[in-house]
Amino acid sequence: MYFTNLINNKYKNNKIIIIYVDMDGTICDYEVFRGYDFFHKRPLYNRLKLFENLSNNSNIELHILTCCKTLKDASDKNRWLDKYAPFFKLENRHILTKDTIGNKPSDILKLEYLSNINKDNKIILIDDDPKVLKNIASHLKYIDTYKDSILDD
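Read on for an overview of the structure. Throughout this description, residue numbers start from 1 for each chain and increase along the sequence as written. Local features are withheld for residues below a pLDDT of 70 in this predicted model, meaning they are given only at 70 or higher, and side-chain atom pairs are given and counted only at 80 or more; totals for whole chains, interfaces and linings count all residues. Based on all heavy atoms of the structure, the side-chain values leave hydrogens and waters out of the count.

### What about the pattern of salt bridges?
Here's step 1: For this analysis, a salt bridge means a side-chain nitrogen from Lys or Arg found within 4 Å of a carboxyl oxygen belonging to Asp or Glu. For the structure shown, the criterion picks out 15 salt bridges.
Here's step 2: Among the ionic pairs, Arg47 bridges to Asp148, the shortest N-O distance being 2.8 Å. You can see Arg47 sitting in helix α2 (residues 45–55) and its partner Asp148 sitting in the segment after β5 (143–147), a full 101 residues away along the chain. An identical accessibility class is assigned to Arg47 and Asp148; each is buried. Helix numbering and strand numbering both begin at the N terminus, where a helix is a DSSP run of H or I of at least 4 residues and a strand a DSSP run of E of at least 2. The classification of residues rests on relative accessible area computed with a 1.4 Å probe and restricted to protein chains. Under 20% of the type maximum is buried, over 50% is exposed, and intermediate values are partly exposed.

### Let's talk about the nonpolar core
Here's step 1: By size, the foremost hydrophobic cluster in this structure holds 28 residues, and its most contacted members are Phe3, Ile19, Ile27, Phe51 and Phe88.
Here's step 2: Put simply, the parts of the chain that give this core at least two residues each are α1 (2–10), β1 (17–21), α2, β2 (60–68), α3 (71–84) and β4 (122–127).
Here's step 3: Ranked by the residues each element gives to this core, the list is headed by α2, at four residues.
Here's step 4: In what follows, a contact means two residues having at least one pair of non-hydrogen atoms within 4.5 Å. Sequence-distant contacts of Phe88, that is, excluding residues within four places in its chain, are made with Val21, Ile27, Phe51, Leu62, His63, Ile64, Leu81 and Arg93.
Here's step 5: Throughout this description, the term nonpolar core refers to a set of buried Ala, Val, Leu, Ile, Met, Phe, Trp, Tyr and Cys residues connected via side-chain atoms within 4.5 Å. Listed in part, the 16 residues of the second largest apolar core include Cys67, Val132, Ile136 and Ile143.

### Section: the state of the cysteines
Here's step 1: Note that a disulfide, as used here, is simply two cysteine sulfur atoms within 2.5 Å. The final tally for this structure, using the stated rule, is zero disulfides.
Here's step 2: Looking at the unpaired Cys67, the closest cysteine sulfur is the one in Cys68, lying at 7.6 Å.
Here's step 3: Taking relative accessible area as the criterion, Cys68 reaches 4% and is therefore assigned buried.

Structure follows, in C-alpha cells:
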C-alpha cells in the first residue's frame with residue numbers, strides 16, 4: 001500500500017512511469033540450498049499482487065531487470081515469470097546474461113543497461129541489492145531508486 005500511495009502521490013503528474021523491478025530477492029525469495037535453480041524460487045505473493053495491480057494502470061509500464069549467468073538460467077527466469085507474474089510482458093523482461101554480455105558484476109551490468117534507455121519518462125528502479133542501488137543513484141540521477149523493502153507495509 002505504501003508504494004502504491006507513493007506512486008499515486010509523488011508521480012501523479014507524470015504521463016508515463018517506467019518501473020524496473022529486480023527478481024531475485026525482490027519478487028522471488030533466495031533459497032540458499034537451491035543455488036541457481038531459478039524456476040523453483042519461492043514467489044513473494046504480496047509483492048507480486050502489488051505489481052499485478054499496478055500493471056492495470058495505463059500510465060505505468062512494468063519491466064523486469066535482472067541478471068543471471070547462463071542462457072538456461074534466463075530461460076528458467078522467463079518460465080518463472082510466465083507462471084507467477086505473466087503481467088510482466090515478454091518484451092519488458094530484460095534478463096542480462098553474464099555469459100553472453102560479459103562476466104561483470106550485476107551493478108555494472110544494470111548500470112550499462114539503464115544508461116542506454118530513453119530518458120523521456122519517469123524511471124524507477126526497485127532492487128534488493130544496495131550496491132546496485134548506490135551505483136545507479138550515483139551515476140544516473142534521472143532514475144529514482146528504491147530498496148525492495150518499500151514494497152512491504
